[in-house]
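# Descriptive structure summary
Each chain, written out:
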Amino acid sequence: MKINSSDFKVISSKADLRHLPTRVKATFKSKGQYRKILQAHVAQLSSLQQLHYASAKFAILLIFQGMDGAGKDGAIRHVMSGVNPEGCEVFSFKQPSQEELKHDFLWRTTCRLPERGRIGIFNRSYYEEVLITRVHPEILNTQNLPEHSLDVKHFWRDRYRSIVELEEHLHRNGTLIIKFFLNLSKKERGKRFLERIDEPDKNWKFSTSDIKERKYWKDYMQAHQECLSATSAAHAPWYPIPADDKDNARLIVSQVVIDVLTELKMAYPKSDAKRRHELQSIREQLIE
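Notes on the structure follow.

Reading the values: the criteria
- Within each chain, residues carry numbers counting from 1 in the order of the written sequence.
- Local features in this predicted model are restricted to residues of pLDDT 70 or higher, and side-chain atom pairs are both shown and tallied only at a pLDDT of 80 or more, whereas totals for entire chains, interfaces and linings draw on every residue.
- Only hydrogens and water are set aside when side-chain values are computed; all heavy atoms of the structure are taken into account.
- Only strands joined by at least two bridges in the DSSP assignment are considered to pair.
- Numbering of helices and strands runs from the N terminus, with a helix taken as a DSSP run of H or I at least four residues long and a strand as a DSSP run of E at least two residues long.
- To obtain each axis, a line is fitted to C-alpha atoms, and for helices this fit is confined to the stretch in contact; angles are then taken between N-to-C directions over 0 to 180 degrees.
- Throughout, a contact is declared for two residues whenever any of their heavy atoms are within 4.5 Å.
- The definition of a nonpolar core used throughout is a set of buried Ala, Val, Leu, Ile, Met, Phe, Trp, Tyr and Cys residues joined through side-chain atoms within 4.5 Å.
- Three labels apply to residues, based on accessible area from a 1.4 Å probe with only protein chains included: buried if under 20% of the type maximum, exposed if over 50%, partly exposed otherwise in between.
- Note on aromatic pairs: the rings of Phe, Tyr and Trp (six-membered ring only in Trp) are paired at centre separations within 6.5 Å, and the planes decide the class, stacked below 30 degrees, edge-to-face beyond 60, tilted for the rest.

What follows is about the sheet that holds strand S3 (residues 119–123). Within the open sheet, the 5 strands sit side by side as S2-S3-S1-S4-S5. Their pairing is parallel. If you trace the sheet from one side to the other, it starts and ends with strand S2 (88–92) and strand S5 (238–242), each paired once. Each adjacent strand pair in this sheet contributes to an overall mean axis angle of 20°, direction not counted. Here strand S1 (residues 59–66) runs beside S3; their pairing, made up of 5 bridges, is parallel. Residue pairing across strands places Ile63 opposite Phe122, the latter belonging to S3. Lying on the sheet, helix H9 (residues 217–231) is in contact with strand S4 (175–183) and S5; it crosses S5 at an angle near 140°.

Counting 40 residues, the largest nonpolar core has Leu62, Phe64, Met80, Ile121, Phe180, Tyr239 and Ile241 as the members making the most contacts within it. Of all the secondary-structure elements, those providing two or more residues to this core are helix H1 (31–55), S1, helix H2 (72–79), S3, S4, S5 and helix H10 (246–263). It is H10 that provides the largest number of residues to this core, a total of 9 residues. Beyond its immediate chain neighbours, meaning those up to four positions away, Phe64 contacts Lys72, Ala75, Ile76, Ile121, Phe122, Asn123, Arg124, Phe180 and Val253. Listed in part, the 33 residues of the second largest apolar core include Ala15, Phe122, Val130 and Trp238.

Among the secondary structure elements, His148 is positioned in the loop between helix H5 (132–135) and helix H6 (155–172). His148 sits 88 residues away from Ala236 along the chain, and the two C-alpha atoms are 29 Å apart.

Right, let's talk about the environment of Leu184 for a bit. In this structure, Leu184 sits in the loop between S4 and helix H7 (186–198). For Leu184, a relative accessible area of 2% translates into the label buried. Each residue touching Leu184, except ones within four places of it in the same chain, is listed here: Thr22, Gly69, Ala70, Arg189, Arg192, Trp217, Ala243 and Asp244.

The final tally for this structure, using the stated rule, is 9 aromatic pairs. Measuring from ring centre to ring centre gives 5.0 Å for Phe93 and Phe122, while their planes differ by 80°; the resulting arrangement is edge-to-face. Of the two residues, Phe93 sits in the loop between S2 and helix H3 (98–101) while Phe122 sits in strand S3, which places them 29 residues apart along the sequence. Neither residue differs from the other here; Phe93 and Phe122 are each classed as buried. Look at Phe180 and Tyr239: their rings are 5.9 Å apart centre to centre, the planes differ by 40°, and that puts the pair in the tilted class. Of this pair, Phe180 sits in strand S4 while Tyr239 sits in strand S5, and the two are 59 residues apart along the sequence. The class for Phe180 is buried, based on a relative accessible area of 0%. What makes Tyr239 buried here is its relative accessible area of 3%.

Below, the structure is given as structure tokens:
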């Protein structure tokens, strides 16, 4: 099965998670074929990343969002395994520190944005501020926000607007944003949590908070749906990835990144006459 990136792209204001699949037909016929396709994708990404680093025209920002257990860490680890660490950085954003709480909600992620020629990966991001805080608005009490910003009627609309305007600014200035939502079913999530309990080498992954948050599933799905609808745009689209099959999800993610980078039509910098003359002079010295 050929992977068509556009099949997974949402750029409209009507993202309805109820109608988006958590599982699609596998893009491979066996585990061996999966490994072979992934290896080819990793090699292609490595080549594209080298070209991206050399051309230094754009910055690439990959954002991964999804419920705990959706496979964000694994997707990043497998898909980006062949990328030169010198040109790629991964940042995980969990509970804000006291210093971060003294700034606006976009500050801590803005400080980690990639420069041109590099790939930045956000494992969770500023989107947490319209997801977990939407489900648990009491978190806002810890952020010491001014009263005028707490207008209940417009608060979330204004946060979406801040995000959209940030992404528009980044796009205008050469940052390409690719946003992945790993769309996991409640049933599959339950299976993965049981694995974390039953398999000793996965016990460290399990937190009792995961069970506490389970009862808010519908609230989280509603928050994600509103978020995707409000913040998906042609210049910064969301890709809801069916995540019940981890291997399939990794191949889809890698294909999306390959396609987006390929569309940039990057090229290695060309040497002008002066530079070629300089290199020829150096070459002659080396062979003396």
